[in-house]
Amino acid sequence: MSQSLGTPLFTRISLLLGFFFLYAPMVVLIAYSFNASERVNIWAGFSTRWYGELFRDEAMMAALWMSLKLAFATATGSIILGTLAALVLTRVRNFRGKLLFGGMVTAPLVMPEVITGLSLLLLFVGMGSAFGWPAERGFLTIWIAHVTFCMAFVTVVVSSRLRELDKSLEEAAMDLGASRLGTFFYITLPIIAPALVSGWLLAFTLSLDDLVIASFVAGPSSTTLPMIVFSSVRMGLSPQINALATLLILAVSLGAVLAYWLSLRDERTRRVEMQVLHEKR
Amino acid sequence: MSVGRRTFGWRAPGKHWLVVAAPYLWLLLFFAVPFAIVVKISLAESAIAQPPYTALYEYVNNVLTLRVSLANYLFLLSDSLYFDAYLSSLRIAATSTAICLLIGYPIAYGIARMQGPKQSLLLMLVVLPSWTSFLIRIYAWVGLLRNNGIINNVLLSLGVVDEPIRLLNTDVAVYIGIVYCYLPFLILPLYANLVKLDNRLLEAATDLGAGPVARFLHITLPLSLGGVIAGCMLVFIPVVGEFVIPELLGGSETLMIGKVLWGEFFNNRDWPVASAVATVMLIVLLIPIMLFHRYQFREMEAND
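Criteria and cut-off values
Residues numbered from 1 in each chain as written. Chains lettered and ligands numbered in written order. Predicted model: local features only at pLDDT ≥ 70, side-chain atom pairs only at ≥ 80, totals over all residues. Helix = DSSP H or I, 4+ residues; strand = E, 2+ residues; numbered from the N terminus. Contact = placed C-beta atoms within 7 Å. Rg over C-alpha atoms; globule rule 2.2 N^0.38 Å. Buried ≥ 20, exposed ≤ 12 C-beta atoms within 10 Å, placed from the backbone. Nonpolar A, V, L, I, M, F, W, Y, C, P; charged D, E, K, R; others polar. Core = buried A, V, L, I, M, F, W, Y, C linked by C-beta atoms within 7 Å. Expected span 1.5 Å × (residues − 1). pLDDT = per-residue confidence, 0-100. Axes fitted to C-alpha atoms, helices over the stretch in contact; angles between N-to-C directions. Left-handed = near helix turned anticlockwise from the far one by under 90°.

Caption draft 1: Here's a closer look at the overall build of chain A. Counting its regular elements, chain A contains 11 helices and zero strands. If you list the helices and strands of chain A from N to C, you get α-α-α-α-α-α-α-α-α-α-α. The dimensions of chain A, computed from C-alpha atoms along their principal axes, are 70 × 65 × 30 Å. Residue pairs in contact within chain A that sit at least 24 positions apart in sequence constitute 76% of those at least 6 positions apart.

Given below as C-alpha cells:
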C-alpha cells in the first residue's frame, strides 16, 4: 500500500536536481584547489602548491588558531547555557516571565546578524564607559556574542531530544529515591548525550563561520578567520582560499559522518528503550 | 498521574530558580538589554567623540537634562535611499523565500517519505553544506558566475551565447546566493513537519478516489502549513538584514538595508543613524518574528 504512495518520479527528479545544485559548486571549488595556475579559471595541471602557500600564510594561520579557540570556547559555553534553557522549556511548567524567556530563546535564531552585532557592540561600549568593563574588545566580547546566538541553536537541538525522552525513566529514578540532580546526571544526561554532541558541533561550526557579528564586536587586535577570508574574497579570487575551503569541507564531512554514525546509534538505543517499555507493560 | 508518585516537572517554587536564572539572566543582559540601547542611541545625535554620539541625559547641578532627538528618523525619511533599501530588501527576501519554498518543498517531501537509514543519510546531505563555511559557499559562486567563470565558459563553448553574459554583481547572483545558502534552513523544519504526516490519511484519500494532486492540496499541504511558515520565516527574516551576499555577489545597484547599516556604521561611523536603521528594521520584522516564535515555541515547549 505504502509502495503506491512512495516516491513519485517528480519527487525523485527534484531530489536529484536539488542535490546537484547543493554540491556542484563545492565540487568545482575542490577541483580548482589543485590547479597549478595562478589564474583561478584556467586549468594548468594538478598541483598542491596552494596548500603549501596556505600553511605558510602566517596571518591566515594566526586567524585560524584564534577562530578555533573561539569556536571551542563558544561551543562549550553554549552547550551549558543552551541545555539549561532547554530544561527550563521542557521541564519547568510555568513561571513568571516565561513568555519573555520563550521570545529570547527563539528570536536569536532568526535575528539578522547586523542587528545582533550592532546591539551587542553598543552594549559593550555602554558598559565600558559606565563600569569600565569590558575595557577593550577582543576575544572575550566575541565569545559573549557567539554564545548568545549559538545557545539558541543548542536549545532547539537539546529540547527536541528532551521532549522525546520518556519521562517515566526520570520518574522511576526519583521514585527510587534519587535526587533531581542525581536523576539528571545518571538518567537524563546519558540519554541526551548524542544531542549534546550534535549541539556542541553545531555551535562550533556556527562560531567558526561568523563574520558579521564578530566584525562588530571585535577589537583591532582580534582577527578571526572569516574576516581574513572576507577581505581576500573582496580583493578577488585566490587559490589559497580554494585550498582552505577544501580542507574545511573535508573536516566537516568527517564530522558529519561521525554525527551520522552517532545518530544511527542513538536511534538504535531509542528503539531498545521503547522495546523495554513495551515488554514491561 | 497515579497517587503517591512524584512528577518530574519542577512545580515547587524556589527549587528551580538556579536552572532558570542562568540562561534567563544571560539572555536578558546580552540579548534583550542591547535592543533597548540601540533604541536609546538612535535618539542621540552623532558627535565627534569617543563613543561617537551625544549623551541622552545629563545630570548637572541637580538638574536632569534630557535630550531626545528624532533627527535620525527624520533623516531616514528625508533621503529616499533608506526607504528604497527597505523596500528592495523586503522584495528580495520575499522572492528568494518563494523560490526556496518551490525548490525545498519537493525535497523535504521526498526525504520525509523515505524509510530507514536512507532517510537520515539524505537529511544529513541537505544539512552538510550549511556546516561548511557560509562565506566559502558564496565564494564558490563568485568563481562560477564570473565573466570567465565556468558557467560562462560552458555557455560560450555550447554556442548559446557569443560573448560572456554578466552574471556576477547582479541581482540574479544575489538570488542564487541566497537560495543556495538558505535552502537547508527551509528544508529542515518542513521535513520535521512532513515526517509526522500520518500515511493512513493519504491511503484513506486514495481509497476514496483522490488523485495525487487532490491528496496534496487537501491533506499534505494544509497539514504541513506550520512547517511551511517556520521554514519561510527562517529564510525571510535573516535575509532582510543580509549583508555578506549582496556585498560579494551583488552590484552597486543592489540595494539592501543590511549593506546600508554596515556602511553607516563602518564607513560613515554614524552610530546613531545605524541604530535608527536597525530600530526601523526590527519594527518591520516584528510581525514575522512573532509568527516564527509562535510555531517554534510550540515545537520546543513541553507539549503535555
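Back to the text.
Caption draft 2: View of the overall build of chain B. Looking only at helices and strands, one finds 13 helices and two strands in chain B. For 304 residues, the compact-globule formula gives about 19 Å, and the C-alpha radius of gyration of chain B, at 25 Å, lies well above that figure. Viewed in the frame of its principal axes, chain B has a C-alpha envelope of about 85 × 80 × 35 Å. Counting the 304 residues in chain B, one finds 42% classified as buried.

Caption draft 3: Structural view of the interface of chain A and chain B. The partner chain B presents 86 residues to the 82 residues of chain A that form the contact. For the side of chain A that touches chain B, the element with the most residues is helix α1 (residues 9-33) of chain A, which contributes 13 residues. A per-class count over the side of chain A that touches chain B returns 53 nonpolar, 19 polar and 10 charged.

Caption draft 4: How the structure looks around the nonpolar core. If you look at the biggest cluster of nonpolar residues, it comprises 163 residues, and the most contacted ones within it are L118 of chain A together with I138 and V277 of chain B. Looking at this core element by element, the count peaks at 16 residues for helix α7 (residues 171-194) of chain B. When residues no more than four places from it in sequence are discounted, the contact partners of V277 of chain B are L76, Y82, I257, V260, L261 and E264 of chain B.

Caption draft 5: Layout of helix α10 (residues 225-240) of chain B. Across its 16 residues, α10 of chain B extends 22 Å between first and last C-alpha, which sits within 8% of the 22 Å expected from 1.5 Å per residue. Most of α10 of chain B sits out of view: 13 of its 16 residues are buried.

Caption draft 6: Focus on the environment of K196 of chain B. The residue K196 of chain B is located in the loop between α7 and α8 (199-207) in this model. Between the C-alpha atoms of K196 of chain B and L186 of chain B, which are 10 residues apart in sequence, the distance is 17 Å.

Caption draft 7: Layout of the confidence of the model for chain B. All names here are of chain B. Averaged over all residues, the pLDDT of chain B equals 86, while 93% of them reach at least 70. Least confident of the elements in chain B is strand β1 (residues 57-60), whose mean pLDDT is 70; most confident is helix α11 (residues 244-248), at 95. Predicted confidence is poor over residues 1-8, with pLDDT under 50, and the contacts of this stretch with residues over four places away or in other chains come to 12 contacts.

Caption draft 8: Focus on the packing of helix α3 (residues 80-112) of chain B against α10 of chain B. All names here are of chain B. At a minimum axis separation of 9 Å, α3 and α10 run at an interaxial angle of 145 degrees. Here α3 runs over α10; the crossing is right-handed. Across the interface between the two elements, S89, L90, A93, A94, S96, T97, C100, L101 and G104 of α3 pack against V228, G231, C232, V235, F236, V239 and V240 of α10. Its residues placed into classes, the contact of α3 with α10 shows 11 nonpolar, five polar and no charged.

Caption draft 9: Looking closely at the environment of S238 of chain A. All names here are of chain A. Here S238 is to be found in the loop between α10 (225-235) and α11 (239-280). S238 sits in the partly exposed class, given 18 other C-beta atoms within 10 Å. Taking the C-alpha atoms as reference points, S238 and S33, separated by 205 residues in sequence, lie 9.6 Å from one another.

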